[in-house]
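Structural characterization, general
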Amino acid sequence: GLFQSYAIEIDIKDASNATCLYADWMMRFLITYESNNGDYKTTTLNLSSSVTHNGSVCGNDTQAALLAVQFGDGHSWSMNITKNNETYQGDFITLTYNTNDTAVFPDAKRKGPVTVLVKDPLHPVELNTVFVCHNSYSFEAENITQIFWNVTVQAFVQNGTVSKKETRCPADRPTSAPTVPPTIANVTTASTTVSPAPTTAPKPVENPDIGNYSLKSGNKTCFLATVGLQLNVSQNKPLLININPKTTIADGACGNTTATLKLNDGNSTLIGF
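Position numbers for residues start from 1 in each chain and track the written sequence from start to end. Only residues with pLDDT of at least 70 are given local features in this predicted model, and only at 80 or more are side-chain atom pairs given and counted; all residues enter the totals for whole chains, interfaces and linings. Derived side-chain values reflect all non-hydrogen atoms in the structure, with water molecules and hydrogen atoms excluded from consideration.

An unreviewed UniProt entry annotates the protein chain as Lysosome-associated membrane glycoprotein 2 of Acrocephalus arundinaceus. UniProt positions are given in the numbering used here, feature names are shortened, and annotations may be inferred rather than shown by experiment. The record held by UniProt for the protein chain lists under Sequence similarities (unreviewed entry) the comment "Belongs to the LAMP family."

Spelled out as structure tokens, the structure:
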């Protein structure tokens, strides 16, 4: 399904009113929680339309910068960012979600705020360089998947101006181009007259490989799935994605009457059953 999510833009100023920390990004959280009847359910926590950034600080040579936001009914997210002589890097990410928010957790057994601390998995970024990641990337910790996209971040901004030099995330970096059969569109010719290319049937998309996925509850297997998965994504143009079982990790939980299976293919594709 598609969920409403909002972009955040934060421009933190120093004492001279110059930008020292800039961030613009979108994020979403998939959270597995225990319900009142003992089942485990997965819910989606999105940003609300009103986001504050109380507690965000610039940072300096001895103090970490802090990017902090608060949203919804008692939820918050923050990342502290440290630097050395040449680079800056996210250190720890802290997410606090409030299960008293009945719109997101309608039947949570545990009530109140829950805080999860996770190490930022991204690599250091060169100083005076802005980190950019348009494609989505995610990571999991303690039954929570954090998903980010359309990210632009620069900490320890120099001279109050966000750099035009970019460091791109791995998901944005181009891969080796596939071999494309010659067509009128991609062949350069010295002739001014080009004969029409013969009409050929489009190459059929291969069927996805069948994967065997399972979950355990203690020593017993509680969930079995044998399935080949293909996603048909229709945005600007149709895109078919085959899920590769060799690189896909199964996770989730089994309750008394509900089981949740989460598949992560390692390429920012997440599927939940």
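There's plenty left to go through after this.
**Points about the side chain of Thr145**
Following the sequence through the fold, Thr145 ends up in strand E12 (residues 144-155). Should any heavy atoms of two residues lie within 4.5 Å, those residues are considered in contact. Those residues in contact with Thr145 that sit more than four places away from it in its chain are Arg28, Phe29, Leu30, Ser138, Phe139, Glu140, Lys262 and Leu270. Helix and strand definitions here come from DSSP, where helices need a minimum of 4 consecutive H or I residues and strands a minimum of 2 consecutive E residues; each element is numbered from the N-terminal end.

**Description of the sheet that holds strand E19 (residues 259-264)**
For two strands to pair, DSSP has to find at least two bridges joining them. Taken in spatial order, the three strands of this open sheet run E18-E19-E20, and their pairing is antiparallel. Across the chains shown, the open sheet's two edge strands, defined by having one partner strand only, are strand E18 (249-254) and strand E20 (270-272). Here the average twist between neighbouring strands, direction ignored, is 15°. Taken together, the three bridges between E19 and E20 define a ladder with antiparallel strand orientation. Looking across to E20, one finds that Leu263 is bridged to Ile271. Lines fitted to the C-alpha atoms define the axes, with helices restricted to the stretch that makes contact. Angles between their N-to-C directions range from 0 to 180 degrees.

**Brief notes about the confidence of the model for the protein chain**
Caution is warranted with low-pLDDT regions, since their predicted coordinates should not be read in detail. Think of pLDDT as the predictor's per-residue confidence, scored from 0 to 100. Averaged over all residues, the pLDDT of the protein chain equals 84, while 85% of them reach at least 70. Ignoring residues within four places in sequence, the model shows residues 182-193, a span with pLDDT below 50, making eight contacts including any to other chains.

**Topic: the packing of aromatic side chains**
Ring geometry is summarised as follows: Phe, Tyr and Trp rings, the Trp one being its six-membered ring, pair when their centres sit within 6.5 Å, and such pairs are stacked at plane angles under 30 degrees, edge-to-face over 60 and tilted between the two. Here the structure, examined in full by the defined rule, presents seven aromatic pairs. Measuring from centroid to centroid gives 5.6 Å for Trp25 and Trp77, while their planes differ by 45°, and the two rings are tilted. Of this pair, Trp25 sits in strand E2 (residues 19-34) while Trp77 sits in strand E6 (residues 75-83), and the two are 52 residues apart along the sequence. Note on accessibility: Trp25 and Trp77 belong to one class, buried. Here the aromatic rings of Phe139 and Phe148 are separated by 5.8 Å at their centres, their planes lie at 25°, and the arrangement is stacked. Only protein chains enter the accessibility calculation, which uses a 1.4 Å probe; a residue is then buried when its area is under 20% of its type maximum, exposed when over 50%, and partly exposed in between. Residue Phe139 is classed as buried on the basis of its relative accessible area, which comes to 12%. For Phe148, a relative accessible area of 3% corresponds to the buried category. Here a set of aromatic residues connected by ring pairs shows up, and it is made of Trp25, Trp77, Tyr137, Phe139 and Phe148. Two thresholds decide whether a charge sits over a ring: the Lys NZ or Arg CZ must be within 6 Å of the ring centre and within 35 degrees of the ring normal. The aromatic ring of Phe92 is capped on one face by Lys119, whose charged end is 5.1 Å from the ring centroid.

**Regarding the pattern of salt bridges**
A carboxyl oxygen of Asp or Glu within 4 Å of a side-chain nitrogen of Lys or Arg is what we treat as a salt bridge. Applying the stated criterion across every chain yields a total of nine salt bridges. Here Lys41 and Asp107 are joined by a salt bridge, their closest N and O atoms 2.6 Å apart. With a gap of 66 residues between them, Lys41 in strand E3 (residues 40-46) and Asp107 in the loop between strand E7 (87-98) and strand E8 (113-119) connect regions that are remote in the sequence. Here Lys41 falls in the partly exposed class, since its relative accessible area comes to 30%. We classify Asp107 as buried; its relative accessible area is 17%. The closest approach of N and O atoms between Lys262 and Glu140, which form a salt bridge, is 3.5 Å. Separated by 122 residues along the polypeptide, Lys262 in strand E19 and Glu140 in strand E11 (residues 137-141) bring together distant segments of the chain. On the basis of relative accessible area, Lys262 is assigned to the buried category, the value being 8%. Within this structure, Glu166, Arg168 and Asp172 form a network of salt bridges that share partners.

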